[in-house]
There are 2 protein chains.
Amino acid sequence: MATRPPLSTRLPLVDLSEVCPVRDVMDPIAGKWAMLLLDALAEHPYRFAELRRLVPDISQRMLSQTLRTLQRDGYIERRVFPTKPPGVEYRLTPLGHSLYQALVPALNWAEENHQTIRDARRQFDAETAEAMDPLDA
Amino acid sequence: MATRPPLSTRLPLVDLSEVCPVRDVMDPIAGKWAMLLLDALAEHPYRFAELRRLVPDISQRMLSQTLRTLQRDGYIERRVFPTKPPGVEYRLTPLGHSLYQALVPALNWAEENHQTIRDARRQFDAETAEAMDPLDA
DNA sequence: CCGTATCCGCCGAGATACTG
DNA sequence: CAGTATCTCGGCGGATACGG
């Protein structure tokens, strides 16, 4: 029958990153560590090992990788000092500071409303459990 | 310039959701669709099928699932109308509107700086490619 | 019309070991 | 000190089929 390319091999109809700027911009900083690093660098430049200490549970691999994507998007700048042994410093660019400022309201909101949300979750879970198991009426 | 208190307290492995409220709050809305749905519902309540049309490339499964997690955190309310066939309307709660307001600066920033970031990416990729393949010096 | 159940590919992220 | 290379695994999210 009429030959049609398999669905899986067809390219998207439009460039989604073009259609939805918000997702294109937010995706790289929505990972597990990006915001933490932006927050750490917001006030002060840091070296690689210092960032490891500031975020103790990040792996070397994810620290390196996250820093590079932040650098790629223009949020941080990487400076190498040819000392012995070499040192590398990371600092926010003006664009990075600008992003951080735009994030501040959301970050503050999260902290202010954290307990409210936890309560909402507990209540929701209790209600749905009750609906499935109506013993505890 | 608004410097916030540290995002990550450096207490070791206790309950991370307790230690890092920002991650606990932001994680559920950092998914692929949550922000889009919040944005759609910010102005006007919608029914399930209407949301499908508004966000054409979302699957039924992810729409249902995302709406449920938003409801669980208390951002949206679900109203069932026993019509024939049944209709379900979703609308933002006051908490949901409050969250959305806190997100607005970040959303606007993303749109305003989208092109700048795309340019930064292109330049970064070009430089790293050049570094690996120094033919075009 | 409004979902849930199941199967599955992909990728983010951890652990570990190795280079300059 | 500041990374990369490789392996691995769990979970997000897509496709499809079925239920109320």
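For clarity, every value in this text was computed on a predicted model and none was experimentally measured.

Q: Which residues make up the protein's contact with DNA strand D, and what values go with them?
A: Residues in contact with DNA strand D amount to 18 residues; listed here are only the nearest, Arg 47, Gln 60, Ser 64, Arg 78 and Tyr 90 of chain A. Sugar plus phosphate, as a fraction of atoms of DNA strand D within 4 Å of the protein: 66%. A distance of 2.9 Å separates a phosphate oxygen of DNA strand D from a polar backbone atom of Lys 32 of chain B. Tallied by class, the residues present in the surface near DNA strand D amount to 8 nonpolar, 5 polar and 5 charged.

Q: With reference to specific residues and values, describe the protein's contact with DNA strand C.
A: All names here are of chain B. Surrounding DNA strand C, one finds 18 residues, the nearest of these being Gln 60, Ser 64, Arg 68, Arg 78 and Tyr 90. Counting only atoms of DNA strand C within 4 Å of the protein, the sugar-phosphate share comes to 65%. Arg 61 places a polar side-chain atom, nitrogen or oxygen, 3.2 Å from a base oxygen of DNA strand C. Between Arg 78 and DNA strand C, the recorded distance is 2.3 Å, taken from a side-chain N or O atom to a phosphate oxygen. Considering every element that reaches the surface near DNA strand C, the biggest residue donor is helix H5 (residues 60-72), with 4 residues.

Q: Go over the environment of Ser 64 of chain B, please, and point to the residues and values.
A: All names here are of chain B. Structurally, Ser 64 can be placed in helix H5. Residue Ser 64 is classed as partly exposed on the basis of its relative accessible area, which comes to 38%. Placed 66 residues apart in sequence, Ser 64 and Glu 130 show a C-alpha to C-alpha distance of 46 Å.

Q: Tell me about the packing of helix H3 (residues 34-41) of chain B against helix H6 (residues 94-112) of chain B, residues and numbers included.
A: A pair of packed helices is captured by two measures, namely the crossing angle of their axes and the spacing between those axes. Residue and element names in this part refer to chain B. Two elements in contact, H3 and H6, have axes whose closest approach is 11 Å; the angle formed by their N-to-C orientations is 110 degrees. Considering their axes alone, H3 and H6 lie roughly perpendicular with respect to each other. For the pair H3 and H6, the sense of crossing is left-handed. From H3, Met 35, Leu 38 and Asp 39 reach across to H6, where they touch Leu 99, Tyr 100, Leu 103 and Leu 107. Within the contact of H3 with H6, the residues separate by chemical class into 6 nonpolar, no polar and 1 charged.

Q: Provide a residue-level description of empty space enclosed by the protein, including the pertinent values.
A: Evaluation of the coordinates by the stated rule reveals 1 cavity of 30 Å³ or more. In this model, the largest cavity occupies a volume close to 40 Å³. Residue lining of the largest cavity: Met 26, Met 35, Leu 103 and Ala 106 of chain A together with Met 26, Met 35, Leu 103, Ala 106 and Leu 107 of chain B, and that is the complete set. Put simply, the parts of the chain that give the lining of the largest cavity at least two residues each are helix H6 (94-112) of chain A together with H6 of chain B. Tallying contributions element by element places H6 of chain B first for the lining of the largest cavity, with 3 residues. The residue makeup of the lining of the largest cavity, split by class, is 9 nonpolar, no polar and no charged.

Cut-offs applied
Residues numbered from 1 in each chain as written. Chains lettered and ligands numbered in written order. Predicted model: local features only at pLDDT ≥ 70, side-chain atom pairs only at ≥ 80, totals over all residues. Heavy atoms only, no water. Near = heavy atom within 4 Å. Polar contact = N/O pair within 3.5 Å; in protein donor to acceptor, adjacent residues only side chain to side chain. Nonpolar A, V, L, I, M, F, W, Y, C, P; charged D, E, K, R; others polar. Helix = DSSP H or I, 4+ residues; strand = E, 2+ residues; numbered from the N terminus. Buried < 20%, exposed > 50% of the residue type's maximum accessible area, 1.4 Å probe, protein only. Axes fitted to C-alpha atoms, helices over the stretch in contact; angles between N-to-C directions. Parallel < 35°, antiparallel > 145°, perpendicular 65-115°, else oblique. Left-handed = near helix turned anticlockwise from the far one by under 90°. Contact = heavy atoms within 4.5 Å. 1 Å grid on protein atoms, 1.4 Å probe; cavity = no way out; pocket = protein on both sides within 12 Å on 5 of 7 lines; lining within 4 Å. Points joined across faces, edges and corners; volume = space filled by probe spheres on them.

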